[in-house]
Amino acid sequence: MALFPLSSTTRGRAGVTALLAALVMPVTPAAALPAPAPQQAAPLPAAAPLPAARPHPVCEPHAELRQALRTLTGRDRITGAVVLVRNTNAAEPCGSWTERAGTADLSSGRPMNATDRLRAGSVTKTFTATVVLQLAAEHRLALDAPVDRYLPGLVRRNGYDGRHITVRQLLRHTSGLPDYLDAPEWEHFERLRYRHFEPRELVARALDLPRPSGVWHYATTNYLLAGMIIREVTGHAPEAEITRRVIRPLGLGDTYWPGDEIRIRGPHSRSYFTAEDGRLTDGTAWNTTFGGVGGALVSSPDDLSRFISALFGGRLLPAAQLAEMRRTVAADPDRLWPGARYGLGLISSPLRCGGRWWGHAGTVPGGHRALTAVGPGGRTVAVALNEVPATFRAEEDFLDVVQTAFCEDPPSRATPPIEGKRQ
């Protein structure tokens with residue numbers, strides 16, 4: 001599932017949780033979300049529509065990135081993978097390029113495409129954190145206020161107390177709350193494939209679990225609570241508020257909340273997972289209400305790249321709130337990877353070529369994995385897989401794809417873009 005950024009079958013229970021959370025999953029949306037009444041909508045922060053894309057040269061070849069992807073689909077037997085890279089630095093000769101390997105649909109053999117939709121998993125968390133920070137900028141909530149101020153009495157049992165947990169701690173995963181995906185029933189996630197979940201139900205389940213060890217513990221529980229706070233502060237469903245404040249202003253036409261819809265609308269890659277009987281199984285149809293605003297979004301690499309670029313370009317948050325977002329703590333390497341740090345809905349990770357990338361990753365149990373990030377110089381990278389790596393080596397190869405996309409030297413030659421074709 002995708003409530004966790006990454007997963008590995010070699011990491012024990014943490015690997016199971018990662019698979020289920022592949023991110024990094026979200027809050028339970030209703031089957032159809034009511035749009036907020038325009039006359040009741042609060043003024044938006046400075047979110048402006050993205051300017052129309054201008055033609056960029058399309059650069060090739062990208063031999064190192066192409067080989068890294070082929071390692072994933074060849075040696076690691078991942079069904080399909082695609083990477084979209086964009087340079088926002090005008091000094092770079094290449095505007096954007098795509099590399100892909102494997103197939104998007106085993107039944108047809110159709111190749112992967114950076115404009116195909118997929119389940120974004122825990123990348124959803126960055127959208128949710130952005131809206132919480134917008135509300136903080138509007139002085140409608142305080143990051144260091146206790147959760148109990150907004151959700152009185154909701155977190156107050158089994159030793160957990162919302163009077164001593166702050167909104168900031170929710171967004172940073174330092175609340176000390178457990179992840180409901182650690183509950184035993186999620187070890188057999190396939191059996192829950194078509195079930196509807198409510199956020200309060202999942203939070204209540206989390207509060208039955210033992211307190212996790214360590215200062216930092218990745219838990220989608222935190223983001224379900226953040227979504228409930230958005231609802232209390234705005235009077236609107238958090239999914240509707242995120243749509244109004246982020247998705248619609250940026251024109252992210254492939255990004256939407258599926259609610260109880262088990263199918264993905266429009267062009268999309270299929271997703272695959274290994275079922276309990278050991279067979280490779282199509283996992284595209286899935287009810288992702290278990291993730292809610294922690295991991296349920298459907299999007300595309302193209303949209304995710306535009307979102308992270310807009311966020312770090314200052315279109316969604318004032319500078320002070322973006323700076324808060326980037327204040328990090330060390331993450332547990334068993335639940336992310338060595339060197340990773342976590343801010344407010346953001347992962348930061350070191351690059352072998354210097355500097356760090358900032359973004360998020362997500363995985364869902366049906367097999368989709370997404371990652372979107374921005375690196376030094378404004379290069380953005382969006383990655384989509386339609387099968388979750390099943391070994392530690394495959395996880396390392398996935399991270400190598402990300403490193404290569406950021407660090408491979410820009411190609412020396414460029415060709416004019418094809419008019420009318422989405423790059």
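Residues numbered from 1 in each chain as written. Predicted model: local features only at pLDDT ≥ 70, side-chain atom pairs only at ≥ 80, totals over all residues. Heavy atoms only, no water.

## Here we look at the packing of helix α3 (residues 124-137) against helix α9 (residues 301-312)
Close contact between α3 and α9 brings their axes to 12 Å; oriented N to C, the two are set at 30°. Helix-helix and strand crossings are classified by hand; for α3 and α9 the assignment is left-handed. Residues T126, F127 and T130 of α3 form the contact with α9, whose own contacting residues are L304, F307 and L311. When its residues are assigned to classes, the contact of α3 with α9 shows 4 nonpolar, 2 polar and no charged. (Axes fitted to C-alpha atoms, helices over the stretch in contact; angles between N-to-C directions. Helix = DSSP H or I, 4+ residues; strand = E, 2+ residues; numbered from the N terminus. Left-handed = near helix turned anticlockwise from the far one by under 90°. Contact = heavy atoms within 4.5 Å. Nonpolar A, V, L, I, M, F, W, Y, C, P; charged D, E, K, R; others polar.)

## Structural notes on the environment of E99
Relative to the elements of secondary structure, E99 occurs in strand β3 (residues 96-105). On the accessibility criterion, E99 (6% relative accessible area) is buried. Sequence separation between E99 and R66 is 33 residues, and the spatial gap between their C-alpha atoms is 6.1 Å. The residues touching E99, leaving out its near neighbours within four places in the chain, are H62, L65, R66, L69, A81, V82 and V83. Within the structure, E99 has its side chain in polar contact with the side chain of R66 (distance 3.0 Å). (Buried < 20%, exposed > 50% of the residue type's maximum accessible area, 1.4 Å probe, protein only. Polar contact = N/O pair within 3.5 Å; in protein donor to acceptor, adjacent residues only side chain to side chain.)

## Quick word on unusual backbone geometry
It is generally the case that most residues other than glycine have a negative phi and that most peptide bonds are trans. Residues other than glycine seldom take positive phi values, yet N158 does so here, at roughly 55°. Note that N158 resides in the loop between β6 (156-157) and β7 (160-161). For N158, a relative accessible area of 47% gives the class partly exposed. Of note, H173 is a non-glycine position whose phi angle comes to about 65°, a positive value. Locating H173 in the fold gives a position in the loop between α5 (167-172) and α6 (199-207).

## A short note on the pairing of strand β14 (residues 356-363)
Of all the 8 residues making up β14, 7 are buried; the element is thus mostly covered by neighbouring parts of the structure. Where strand β13 (residues 347-350) meets β14, 4 bridges bridge the pair, whose relative direction is antiparallel. Residue pairing across strands places S349 opposite W357, the latter belonging to β14. As consecutive antiparallel partners, β13 and β14 are separated by 5 residues, and within that stretch G354 has a phi angle of approximately 105°, a positive value. Hairpin connection from β14 to strand β15 (residues 369-374): 5 residues lie between these consecutive antiparallel strands, with G367 at a positive phi of about 125°. (Pairing = 2+ DSSP bridges.)

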